[in-house]
Amino acid sequence: MFKNLFKSKKAAVDDSILQPLEGEIVPLDVVPDPVFSQKMIGDGFAVNPTNGTVVSPVDGEVISVFPTKHAVSVKSTDGKEILIHVGLETVSLNGEGFTSFVSDGQRVQKGQKLLEADFEVIKEKVPSIITPVIFTNLAEDEKVVIEEQEVKIVK
């Protein structure tokens, strides 16, 4: 279905999905949190972010902005559900260091700002600012593969 999903920086990949944060793409198994590294909520990848601007990776709809603003879920127009979880254990900050620019049910365009994370405030208070990006509704025969800073969903 998809060939290339993400490339480094904010390059469009197959014209359908954009990398939600600038930074280095890393596999989920290096995320120091078993919920993500063991793919308990879905397959995906993580980003070691270089800035705190989180943009919509797709045209679609915001499913949920978590009350603590540390995570957002977006559903693409073709039905892919993507969870962007900024940092680890950031729920404990109760919104400190985060600003949301969207609300639940809002239609969004690819590249539209969703959240802003102030990593200068956040990084001293949490174990890591690594940001998991999870596809929560992949088909059983689909998996995420990273090749040279490109992410692909393959069957």
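Residues numbered from 1 in each chain as written. Predicted model: local features only at pLDDT ≥ 70, side-chain atom pairs only at ≥ 80, totals over all residues. Heavy atoms only, no water.

Participant: So what exactly am I meant to see when it comes to the overall build of the chain here?
Facilitator: Helices and strands together make up the secondary structure of the chain, namely 2 helices and 14 strands. Here the chain has roughly 7300 Å² of accessible surface; of this, 47% comes from carbon and sulfur atoms. (Helix = DSSP H or I, 4+ residues; strand = E, 2+ residues; numbered from the N terminus. Areas by Shrake-Rupley, 256 points an atom, 1.4 Å probe, with all protein chains shown as cover.)

Participant: For this particular structure, what's the right way to read the sheet that holds strand 11 (residues 113-117)?
Facilitator: Paired through backbone hydrogen bonds, the strands of a sheet run either parallel or antiparallel to each other. Reading across from one edge, 5-11-9 is the order of the 3 strands in this open sheet, with antiparallel pairing throughout. Two strands bound the open sheet, and with one partner strand each, they are strand 5 (53-55) and strand 9 (98-100). Recorded for the sheet is a direction-independent mean angle of 20 degrees between the axes of neighbouring strands. With 3 bridges connecting them, strand 5 and strand 11 associate as antiparallel partners. Paired with Val55 across the two strands is Lys113, which belongs to strand 11. (Pairing = 2+ DSSP bridges. Axes fitted to C-alpha atoms, helices over the stretch in contact; angles between N-to-C directions.)

Participant: Even after reading the chapter, I still don't get the sheet that holds strand 10 (residues 107-108), so can you show me in this structure?
Facilitator: The strand order 3-4-12-8-7-6-10 describes an open sheet built from 7 strands, whose pairing is antiparallel. Every interior strand has two partners, whereas the edge strands, strand 3 (23-27) and strand 10, have only one. Relative to strand 7 (residues 71-76), strand 6 (residues 60-65) is paired through 5 bridges, and the arrangement is antiparallel. Within the sheet, the bridge partner assigned to Gly60 lies in strand 7 and is Ser76.

Participant: Honestly, the environment of Val121 in this entry has me stumped. Any pointers?
Facilitator: Among the structural elements, Val121 can be located in helix 2 (residues 119-122). It is 8.0 Å that separates the C-alpha atoms of Val121 and Glu96, two residues lying 25 residues apart in sequence. For Val121, the residues in contact, after removing those within four places along its chain, are Glu96 and Gly97. (Contact = heavy atoms within 4.5 Å.)

Participant: I would appreciate a short explanation of a nonpolar patch on the surface in the present structure.
Facilitator: There is a patch of nonpolar side chains on the surface, built from Val35, Met40 and Ile41 and spanning about 240 Å² of accessible area. Relative to the helices and strands, Met40 resides in the loop between helix 1 (34-37) and strand 4 (43-49). Accessibility expressed as a relative area gives 52% for Met40, which makes it exposed. (Patch = residues over 30% accessible without salt bridge, like charges linked within 9 Å, V, L, I, M, F, W, Y side chains within 5 Å. Salt bridge = Lys/Arg side-chain N within 4 Å of Asp/Glu carboxyl O. Buried < 20%, exposed > 50% of the residue type's maximum accessible area, 1.4 Å probe, protein only.)

Participant: It is not clear to me how unusual backbone geometry should be interpreted in this structure. Could you clarify?
Facilitator: Excluding glycine, most residues fall at negative phi; most peptide bonds, likewise, are trans. Its identity as a non-glycine residue notwithstanding, Lys39 has a phi of 55 degrees, on the positive side. Despite not being glycine, Lys69 has its phi angle at roughly 60 degrees, a positive value. Considering the arrangement of structural elements, one finds Lys69 in the loop between strand 6 and strand 7.

Participant: How do you make sense of the confidence of the model for the chain when you look at a structure like this?
Facilitator: Interpretation of the predicted coordinates at a detailed level should be avoided for regions scoring low in pLDDT. Predicted confidence across the chain gives a mean pLDDT of 88, with 90% of residues reaching 70 or more. Segment residues 1-15: pLDDT under 50, and 57 contacts once partners within four positions in sequence are set aside and those in other chains are kept. (pLDDT = per-residue confidence, 0-100.)

Participant: Help me understand the environment of Val108, please; the structure alone is not making it clear to me.
Facilitator: Mapping Val108 onto the fold places it in strand 10. Under the relative-accessibility criterion, Val108 is labelled buried at 2%. Sequence separation between Val108 and Val74 is 34 residues; the distance between their C-alpha atoms is 8.7 Å. Those residues in contact with Val108, other than ones at most four positions away along the chain, are Ser56, Val58, Asp59, Gly60, Glu61, Val62, Val74, Val102 and Leu114.

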